[in-house]
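An overview of the molecular structure
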Amino acid sequence: MGVRKNQKNLTAKEWKALIAAINAMHGAGASAPAYRRFVLLHAEAMSMAHMDWNVHSMQMNNGWTPGTNFLTWHRRFLKLFEERIQAIDPTVSIPYWDSITDRSIPVALTDPGLLASWSVTRHWSASKLAAAADLAAVNAYQGTFSGFQTLLQGAVHADTHNAVGGDMKGPSSPTDPLFWLHHSFIDKTWADWQAGPNGKNPPTPSQVLKPADMDVGIPFGVKISSLLSINTLGYSYV
Ligand SMILES: [Cu+2]
């Protein structure tokens, strides 16, 4: 059972293991799926060519089209990334960064040498982070799954991408490892809502996510119904 911890509670040893696992996925010799493949898959999910994956809200000629699979797609994406780093080191999990409460970038992920080696750019602006009231509104939401998803995808999700800036602002946001920590928190927020009195399931449980495969022999597309329980998926948040 993988335990995803709050990043502020990670020991120096745990940070070291996480960073070593990420490093092992970088470079020309890294085995598939390499780190760059995850970045590319996310960029594909934000491209006009793959609007039918319904992953993110996209601005079309006639307004915004909601990403109806935003939460399920990213849960699948993080799980595959976590399995990949656990293949390198079974002790690691994706920590979560509650950027609404802890309003600075986790120090372990600010080393300039490390960021340069990962080709990460940032334009940090803490004042762009969402407010505690935004998160409280998400947690207390009593409406439909779709309404919840749209609300969570707004300020609480988008503002952290914008506050970190640089790579985090664009389609290649997983270039910055903060992506995983931020989306781990988004996934946790969803899981908490699911477990609470207002939780509701997505309206299309039998729909299969796209793409079918991440790479040759590495499946991605599973039924939405298989992604609704983090307990079944084998992880928890503490
Ligand atoms: Cu995304």
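Presented here is an overview of the structure given in this document.

In terms of regular secondary structure, the chain is built from eight helices and six strands. Each helix and strand of the chain, ordered N terminal to C terminal, gives the series β-α-α-β-β-α-α-α-α-α-β-β-α-β. Taken against the 2.2 N^0.38 rule, which gives 18 Å for 238 residues, the C-alpha radius of gyration of the chain at 17 Å falls within 12% of a compact globule. Expressed along its principal axes, the backbone C-alpha trace of the chain runs to roughly 45 × 40 × 40 Å. By the burial criterion, 32% of the 238 residues in the chain qualify as buried. Sequence-distant contacts, at least 24 apart, represent 67% of the contacts inside the chain between residues at least 6 apart.

One can describe the packing of helix α3 (residues 70-88) onto helix α7 (residues 178-195) by two numbers: an axis separation of 10 Å at closest approach and a directional angle of 125°. Taken together, the axes of α3 and α7 are oblique relative to one another. Between α3 and α7 lies a crossing of left-handed hand. Where α3 approaches α7, its residues Leu71, His74, Arg75, Leu78 and Phe81 are matched on the opposing element by Trp180, His183, Ser184, Ile186, Asp187 and Trp190. Taken together, the residues that form the contact of α3 with α7 break down as six nonpolar, three polar and two charged.

Another point: helix α2 (residues 35-45). When we look at burial in α2, the residues that qualify are Tyr35, Phe38, His42 and Ala45. Projection of α2 onto a plane perpendicular to its axis shows the buried side chains occupying an angular sector of 85°, all on one side. In this structure, the buried residues of α2 make contact with α1 (12-25) and α3.

Another aspect to go through is unusual backbone geometry. Glycine aside, residues mostly have negative phi angles, and peptide bonds mostly take the trans form. Following Ala32, the chain continues into Pro33 via a peptide bond in cis, with omega recorded as -10°. Residue Pro211 follows Lys210 across a cis peptide bond; omega there is 5°. Structurally, Pro211 can be placed in the loop between α7 and β4 (213-215). With phi around 55°, Asn54 is a residue other than glycine that occupies positive phi space. Structurally, Asn54 is set in the loop between α2 and β2 (58-60). Here Ser119, not a glycine, exhibits a phi torsion of approximately 55°, which is positive.

As a further point, take the packing of helix α6 (residues 145-164) against α7. As a packed pair, α6 and α7 sit with axes 11 Å apart at the nearest point and diverge in direction by 160°. The orientation of α6 relative to α7 falls into the category roughly antiparallel. For the pair α6 and α7, the crossing hand works out as right-handed. Along the contact surface, α6 presents Phe148, Leu152, Val156, His157, Thr160 and Val164, while α7 presents Leu178, His182, Ile186, Thr189, Trp190 and Trp193. In the contact of α6 with α7, the residues fall into eight nonpolar, four polar and no charged.

What counts as what
- The residue numbers shown here count from 1 along each chain, following its written sequence.
- Per-residue local features of the predicted model are confined to residues with pLDDT of at least 70, and side-chain atom pairs are confined, for both listing and counting, to 80 or more; whole-chain, interface and lining totals are unaffected and use all residues.
- Numbering goes from the N terminus for both helices and strands, where a helix is a DSSP run of H or I of at least four residues and a strand is a run of E of at least two.
- Radius of gyration here uses only the C-alpha atoms, and the compact-globule reference equals 2.2 Å multiplied by the residue count raised to the power 0.38.
- We call a residue exposed when 12 or fewer other C-beta atoms sit within 10 Å of its C-beta, buried when the count reaches 20 or more, and partly exposed for counts in between; the C-beta positions come from the backbone.
- C-beta atoms are first placed from the backbone for all residues, and any pair lying within 7 Å is then listed as a contact.
- Where helices are involved, their axes are fitted lines through C-alpha atoms of the stretch in contact, as for all axes, and angles between N-to-C directions lie from 0 to 180°.
- Any angle from 65 to 115 degrees is called roughly perpendicular, while one under 35 is roughly parallel, one over 145 is roughly antiparallel, and all others are oblique.
- Whether a crossing is left-handed or right-handed is set by the direction in which the near helix is turned from the far one by less than a right angle, anticlockwise for left-handed and clockwise for right-handed.
- Amino acids outside the nonpolar list (Ala, Val, Leu, Ile, Met, Phe, Trp, Tyr, Cys, Pro) and the charged list (Asp, Glu, Lys, Arg) are all regarded as polar, and Gly is one of them.
- This arc is built from the directions going out from the helix axis to the C-beta atoms.

That's the geometry; what it means functionally is another story.
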